[in-house]
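Remarks on the overall topology
So the chains spell out like this:
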Amino acid sequence: MTTTSTPTPAAKAAGATADYLDQRTGIGVVVKTFARKIFPDHWSFLLGEIALYSFVTILISGVFLTMFFVPSMGETTYTGPWSSMQGVEMSQAFSSTLRLSFEVRGGLLMRQVHHWAALIFMAAIVTHMMRVFFTGAFRKPRELNWVVGFTLLILGMLAGFSGYSLPDDVLSGNGLRIADGVIKAVPLIGSYTSYFVFGGEFPGQELIPRLFTVHVLLIPALILALIGLHLLFVVLHKHTQYPGSGRTEKNVVGYPVLPVYAAKAGGFFFVVFGVIALMGATMSINAVWNYGPYDPSPVSAGAQPDWYMLFLEGSLRLMPGQAEFVTWGGYTVSANIIIPAMIVPGILFTMLAAYPFIEAAVTGDRREHHILDRPRNRPFRTAFGVSIVVAFFILALAGSNDLIATHFHLSINDITWAFRVLIFVGPWLSFVITKRICLGLQRKDRELVLHGHETGRIVRFASGEYIEVHKPLDAHERWLRVQHEAIRPLEIEPAEDSRGVRRKGYALDRMRQRVSQVFYEDRVEPVTPAELTASHSHGEHDALEADVHEPTQVGGGSHLVEPDAETGVEGRNPQI
Amino acid sequence: MSTHDTHSHELEPHGDGTLPDRFENPGHPEHHQRLGDLDPKANKKAERQVLALFTVSVVGTIAFAVAYFALGDPTTDPTKIASATRTENLWLGLTLAFALLGIGTGAVHWAKTLMNDHEMSEERHAIASDAESREAALQALQDGAEDSGISRRGALKGAVIGALALFPITIALPLIGNIGGDWNVGKLKHTMWKKGTRLARDPSGRAIKASDVTIGSVFHVIPENLEEAEHPLDEKAKAVVLLIRLDPRDIKSEQGEGWSYDGIVAYSKICTHVGCPVALYEQQTHHLLCPCHQSTFDVADSAKVVFGPAKRALPQLPITIDDEGYLIAQSDFHEPVGPSFWERKK
Amino acid sequence: MKALAARRHDRRAPIVLLLLALLLTGGLYAVLAPTSADAAAAAPSASDIQTGEKLFQANCATCHGPSGAGTASGPSLIGVGAAAVNFQVGTGRMPAQQNGPQIEAKPVQFDDEQISQLGAFVASLGAGPAVPTEDQVDPSKGNSANGMALFRTNCAMCHNAVGAGGALSRGKFAPKLWETSPTHLYEAMLTGPQSMPVFSDTNLSPDEKRDIIAFISEQGDVAPGGLDLGSLGAVSEGLWAWIVGIGLLIGAAVWIGAKSS
């Protein structure tokens with residue numbers, strides 16, 4: 001590294017430091033490689049950053065909290081200032097949470113910042129994941145990074161749940177009790193697993209210290225490691241980019257890390273932390289003194305987990321109890337819990353995690369993809385994603401059914417029944433509708449490419465015929481709408497070769513083809529140059545403005561006259 | 001205006017007169033200059049804005065410190081602790097937010113308005129290593145394996161794998177031995193109720209006389225000797241009971257002959273679904289509703305499930321009265337309380 | 001736990017408490033034995049009872065029967081006492097207007113005097129719980145910490161941890177408690193209106209009822225953490241995290257990603 005051309009003392013000092021470091025670490029190569037690395041700019045690429053920065057906020061506020069929180073179930077009597085708790089027996093965990101809230105100055109702010117940041121962390125992970133899913137950013141070479149991100153989602157849920165339970169209040173205690181009930185439902189090993197978790201019978205004396213270790217050590221360490229891996233992959237793969245003029249599979253267009261991206265990303269951290277601080281300042285969250293210290297007897301109406309666990313709660317609420325049965329040997333199988341708490345989320349999450357591999361298998365595509373898809377151009381994927389989101393959303397609503405009942409004056413039983421039906425109909429319906437919308441948008445794109453923007457200007461030919469003038473798209477506008485490929489269902493080798501011998505692996509190939517047909521049977525091809533030329537030669541009026549010197553304008557803004565078919569408008573509404 | 005020649009060079013036929021199959025990428029769009037790039041005044045203005053934003057941050061931090069010292073301890077007046085805490089939380093939070101947002105928006109505004117905004121393009125390279133490197137890597141692995149002789153010395157391979165597979169037992173054994181307490185899952189099947197245990201009010205622990213229980217009342221009940229248990233919370237988690245007096249004419253059925261006393265019935269408060277306290281008693285319908293997952297039980301009819309995700313009725317505690325008129329248990333529950341588990345009927 | 005129970009045992013001499021409870025609620029036993037009508041605690045004048053009867057015949061008799069013995073559309077009022085009347089009429093629940101899953105509070109139809117006259121008449125039909133005195137419902141005399149413990153065990157499952165209300169089955173609900181007057185809170189516990197169970201004085205003593213009132217009176221006012229978001233718990237917090245938090249942050253992201261003009 002040569003840094004000798006500047007004479008000021010500060011620069012000299014900086015140069016000397018850089019030299020010192022480089023001689024010992026060889027960091028020069030790293031700086032050279034990364035300092036001007038290009039990152040594409042788009043707001044949706046910042047969703048993952050929201051997750052990252054809220055996690056940093058969680059770490060900062062979390063370290064503050066650990067200075068005062070006592071992770072113990074040891075009994076103590078509250079003598080602090082909060083009147084409705086005075087003289088109440090409680091665990092030290094709960095008592096120290098109260099102290100943290102009322103006696104440690106700024107402690108309540110930190111608690112609220114920590115909890116809001118946790119909710120934002122999960123929400124940002126989910127929105128980030130939706131962005132990645134709907135734009136196909138999980139395709140080769142990023143499948144593994146999708147799995148890393150998926151694991152982070154699961155770890156985030158565990159981190160949240162373990163932290164939510166730490167204050168040892170009635171609300172989270174009942175959440176733990178539900179967790180215990182779910183654990184006990186596991187066939188064969190349920191009661192032993194419950195003992196494993198609680199160190200004996202529920203609630204026992206061990207849980208809070210154990211959860212604390214899980215919450216402040218195990219899970220954060222895993223999350224940090226996986227975030228590191230996640231970002232390493234991003235650097236390795238370079239970021240994806242949206243389709244657009246000049247952007248190809250071979251390049252990445254954007255701004256250099258130094259200084260633009262560093263300033264934007266660094267600034268965004270402070271914005272994220274600032275917004276969370278704003279929430280912590282103005283909105284109360286998890287007011288544990290309202291719930292009181294954990295006691296197995298009480299429970300309060302509106303007992304729900306944080307939002308990211310709400311789907312599980314809803315799933316449990318919807319399942320009819322009749323599913324539980326006793327086997328011939330006299331063993332109890334709690335299918336009324338196993339199905340909603342394990343099988344349904346298992347299916348939904350497995351589908352999420354495995355989707356990139358399924359799509360790759362049925363697409364038969366082994367190329368790298370760095371240009372993102374526009375969601376409309378992948379109707380099956382978009383519709384599938386929407387239906388999974390809808391399924392989770394319906395479950396989350398079902399988990400809030402008592403609040404829906406009181407706020408909209410409905411019967412909780414009717415709501416439950418409605419959701420029992422909706423959980424089957426909703427995802428299916430949203431799949432069909434989304435797919436239709438995607439195909440419709442693609443047709444609209446085609447129409448726009450072929451015929452240009454409507455200008456609202458109506459001209460009359462000498463023959464008395466009216467037509468509306470369309471303004472053709474410029475090359476950049478058009479490129480956005482024609483750059484993609486419409487994927488076709490897999491074509492496979494025939495079952496038998498030329499000598500009539502049935503080949504191995506045909507059955508598997510046939511299955512892949514069938515699934516592939518489900519994915520790609522309905523499609524809209526992007527406009528080809530030939531089609532555009534053909535359309536132009538049909539619809540001469542698009543070029544009218546050049547030919548007709550003084551068109552008779554009869555109106556503006558709306559399609560006054562429907563031109564009839566003979567004037568060559570069959571291309572206007574292409575039947576695909 | 002003609003589209004054919006101004007915008008779409010890709011519509012030009014190839015030399016042989018055919019059109020290409022696909023459009024071609026038109027290349028990077030033209031760069032648009034920002035106001036600040038053209039007008040030094042605007043540039044200067046943007047700089048001042050960035051300066052102002054960072055100043056907001058500094059002011060925010062100072063205000064935070066001022067608020068911290070000026071507001072004083074919110075717990076000094078016990079009657080105003082809620083509002084004083086709220087005021088403190090609000091001021092500390094808002095000033096913190098200003099300190100942070102000032103830096104954040106300042107940096108972003110700087111990047112957007114003053115830093116170079118020419119988009120740059122960088123080439124991507126295939127992720128996979130080239131064939132040569134792959135071959136070298138493979139060779140290196142083979143050489144390593146060869147050197148170790150692991151393929152030739154089968155016994156060694158087995159020993160290494162065996163040792164590695166076994167050593168975690170040294171950690172797992174004591175961990176598993178202790179992590180589940182005494183591992184006596186049989187405790188799940190019993191509670192501390194036994195013949196003669198008085199029913200007492202939760203949480204005060206005062207015993208209940210049959211004459212205390214009026215029609216339509218509901219008592220939340222614990223065993224009178226709960227505090228004598230080794231782990232009162234663990235016992236309470238299983239033993240809590242709901243005591244309700246119905247008009248004897250309303251009782252359609254109960255789980256055992258003579259398990260109630262003069263219309264007073266006692267059912268486990270722990271839901272047979274996943275164990276929430278089932279505590280919402282609707283006096284008119286005699287229904288018990290669980291607030292967690294809305295399992296509904298009919299107290300007048302053996303606490304059978306009438307709605308929701310629970311399958312089994314709440315276990316009934318057989319009760320009677322002692323000589324002094326206090327309600328007592330006839331025995332423990334006749335089946336395990338709470339959520340189902342695999343061996344509950346064994 | 002042990003210390004707690006011991007302390008609670010000691011704090012009030014149970015015998016005194018029991019005596020007090022028995023004294024104050026002799027009336028409620030009338031529900032079990034309506035014929036043994038003791039005199040109600042406070043003796044209203046005969047003219048009050050007469051005026052009350054007129055009001056009753058005009059406004060209540062259609063459903064509750066001319067003698068208050070009940071009809072198919074309304075329960076018997078013999079032995080419900082003045083407390084039940086004061087609660088039902090004083091919160092506007094009675095006279096009932098429409099048949100929904102439950103009869104809800106609405107603007108009160110009678111003035112205080114008329115309510116007490118109605119109460120006097122109903123109390124004269126058969127002894128029942130009387131309207132509590134000012135002293136019995138004075139929140140400043142209650143112990144809110146004990147009130148919270150009792151509220152958590154006996155009330156929170158329906159009315160939510162701080163009394164924000166909650167759902168019951170089939171469209172019924174436990175109402176929010178923050179706007180209810182201490183007297184009405186006391187009477188509701190004592191008489192168990194509609195779905196609510198009865199918390200007679202043998203279950204929750206008058207002092208305990210006052211403790212509960214003291215706790216409720218501290219709720220729904222100022223949340224130490226800022227806006228209370230309805231005190232509805234995690235669902236409303238999650239909703240606001242998405243609306244405010246993710247909303248603002250996506251807004252910021254769009255600003256950062258947008259080109260400067």
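This is a predicted model, so every value here is computed, not measured.

1. Here we look at the interface of chain A and chain C
- Taken together, the contacts link 67 residues of chain A with 55 residues of chain C.
- At the boundary of chain A and chain C, one finds zero salt bridges.
- In terms of residue class, the side of chain A that touches chain C is made up of 38 nonpolar, 22 polar and seven charged.

2. Regarding the state of the cysteines
- This structure, assessed with the given rule, holds one disulfide over all chains.
- The disulfide partner of Cys 276 of chain B is Cys 292 of chain B, and the S-S distance across this bridge is 2.1 Å. Handedness of the Cys 276 of chain B-Cys 292 of chain B disulfide follows from its S-S torsion of about -85 degrees: it is left-handed. Note that Cys 276 of chain B is positioned in the loop between strand E5 (264–268) and strand E6 (280–282) and Cys 292 of chain B in the loop between strand E7 (287–289) and strand E8 (296–298), a separation of 16 residues in sequence. The residues Cys 276 of chain B and Cys 292 of chain B share a single accessibility class, namely buried.
- Lacking any disulfide linkage, Cys 271 of chain B is separated from the closest cysteine sulfur, that of Cys 290 of chain B, by 4.2 Å.
- Take Cys 158 of chain C: it sits in no disulfide, and the sulfur closest to it among the cysteines is that of Cys 155 of chain C, at 8.6 Å.

3. Digging into the packing of aromatic side chains
- Taken as a whole, this structure holds 38 aromatic pairs over all chains when the rule is applied.
- When the ring of Phe 133 of chain A is compared with that of Trp 146 of chain A, the centres are 6.1 Å apart and the planes differ by 45 degrees; the resulting orientation is tilted. Within this pair, whereas Phe 133 of chain A is found in helix H5 (residues 107–134), its partner Trp 146 of chain A is found in helix H6 (residues 143–165), the two being separated by 13 residues in sequence.
- Under the relative-accessibility criterion, Phe 133 of chain A is labelled buried at 5%.
- Look at Trp 146 of chain A and you get buried, because its relative accessible area is 5%.
- Ring geometry for Phe 56 of chain C versus Phe 121 of chain C: centroids 5.0 Å apart, planes at 50 degrees, classification tilted. Separated by 65 residues along the polypeptide, Phe 56 of chain C in helix H3 (residues 46–59) and Phe 121 of chain C in helix H6 (residues 112–125) bring together distant segments of the chain. Both residues of the pair, Phe 56 of chain C and Phe 121 of chain C, count as buried.
- Among the aromatic residues, those joined into a cluster by ring pairs are Phe 133, Phe 134, Phe 138, Trp 146, Tyr 355, Phe 380, Phe 384, Phe 431, Phe 519 and Tyr 520 of chain A.
- One residue, Arg 105 of chain A, lies across the ring of Tyr 68 of chain B, its end atom 4.4 Å from the ring centre.
- The ring of Tyr 326 of chain B is capped by Lys 209 of chain B, whose NZ or CZ atom sits 5.2 Å from the centre of that ring.

4. What about the pattern of salt bridges?
Residues and elements named next belong to chain A.
- Counted by the stated rule, this structure contains 46 salt bridges over all chains.
- Put simply, Arg 317 and Glu 313 hold a salt bridge, and the shortest N to O gap is 2.9 Å. Taken together, the residues Arg 317 and Glu 313, both in helix H12 (residues 310–318) and four residues apart, mark about one turn of the helix.
- A residue is classified by how much of its surface remains accessible, and Glu 313, at 4% relative accessible area, is buried.
- The residue Arg 488 makes a salt bridge to Glu 525 at a minimum N-O spacing of 2.9 Å. In this pair, Arg 488 is assigned in the loop between helix H17 (475–482) and helix H18 (506–520) and Glu 525 in the loop between H18 and helix H19 (529–538), connecting sequence segments 37 residues apart.
- On the basis of relative accessibility, which here comes to 26%, the residue Glu 525 falls in the partly exposed class.

5. Considering the interface of chain B and chain A
- At the interface, 102 residues of chain B touch 127 residues of chain A.
- Across the chain B to chain A interface the summed buried area is about 9800 Å²; carbon plus sulfur atoms make up 63%.
- Counting every contact that joins chain B to chain A gives four salt bridges.
- Between Glu 201 of chain A and Lys 238 of chain B there is a salt bridge, and its shortest N-O distance comes to 2.6 Å.
- At the junction of chain B with chain A, the criterion picks out 42 residue pairs in polar contact (both at pLDDT 80 or more).

6. Things to note about the sheet that holds strand E4 (residues 241–245) of chain B
All names here are of chain B.
- Read from one edge of the open sheet, four strands run E2-E3-E4-E5, paired in antiparallel fashion. For this open sheet the edge positions go to strand E2 (199–201) and E5, each flanked by a neighbour on one side alone. Strand-to-strand twist across the sheet, computed as the mean angle between neighbouring axes with direction ignored, equals 40 degrees.

7. Thoughts on the environment of Tyr 53 of chain A
All names here are of chain A.
- Tracing the sequence through the fold places Tyr 53 in helix H3 (residues 47–66).
- Tyr 53 sits 341 residues away from Ile 394 along the chain, and the two C-alpha atoms are 29 Å apart.
- Excluding residues that lie within four positions of it along the chain, Tyr 53 makes contacts with Ala 265, Gly 266, Phe 268, Phe 269 and Val 272.

8. Remarks on the domain arrangement of chain C
All names here are of chain C.
- Along its sequence, chain C is organised into domain 1 (46–125) and domain 2 (139–217).
- Each of domain 1 and domain 2 was reduced to a C-alpha centroid, and the two centroids are 22 Å apart.
- Residue-level contacts link 13 residues of domain 1 with 13 residues of domain 2.
- Around 1100 Å² of area is buried between domain 1 and domain 2 when both sides are counted, 57% of it from carbon and sulfur atoms.
- Contact with domain 2 buries surface across domain 1, with Phe 87, Pro 101 and Gln 102 losing the most and accounting together for 48% of the total.
- The tally of links from domain 1 across to domain 2 stands at zero salt bridges.
- The residue inventory of the side of domain 1 that touches domain 2, partitioned by class, reads six nonpolar, five polar and two charged.

Cut-offs used in this document
Residues numbered from 1 in each chain as written. Chains lettered and ligands numbered in written order. Predicted model: local features only at pLDDT ≥ 70, side-chain atom pairs only at ≥ 80, totals over all residues. Heavy atoms only, no water. Contact = heavy atoms within 4.5 Å. Salt bridge = Lys/Arg side-chain N within 4 Å of Asp/Glu carboxyl O. Nonpolar A, V, L, I, M, F, W, Y, C, P; charged D, E, K, R; others polar. Disulfide = S-S within 2.5 Å. Helix = DSSP H or I, 4+ residues; strand = E, 2+ residues; numbered from the N terminus. Buried < 20%, exposed > 50% of the residue type's maximum accessible area, 1.4 Å probe, protein only. Phe/Tyr/Trp six-rings, centres within 6.5 Å; stacked < 30°, edge-to-face > 60°. Lys NZ or Arg CZ within 6 Å of the ring centre and 35° of its normal. Buried area = accessible area lost by both parts, 1.4 Å probe. Polar contact = N/O pair within 3.5 Å; in protein donor to acceptor, adjacent residues only side chain to side chain. Pairing = 2+ DSSP bridges. Axes fitted to C-alpha atoms, helices over the stretch in contact; angles between N-to-C directions. Domains from an automatic or database assignment.

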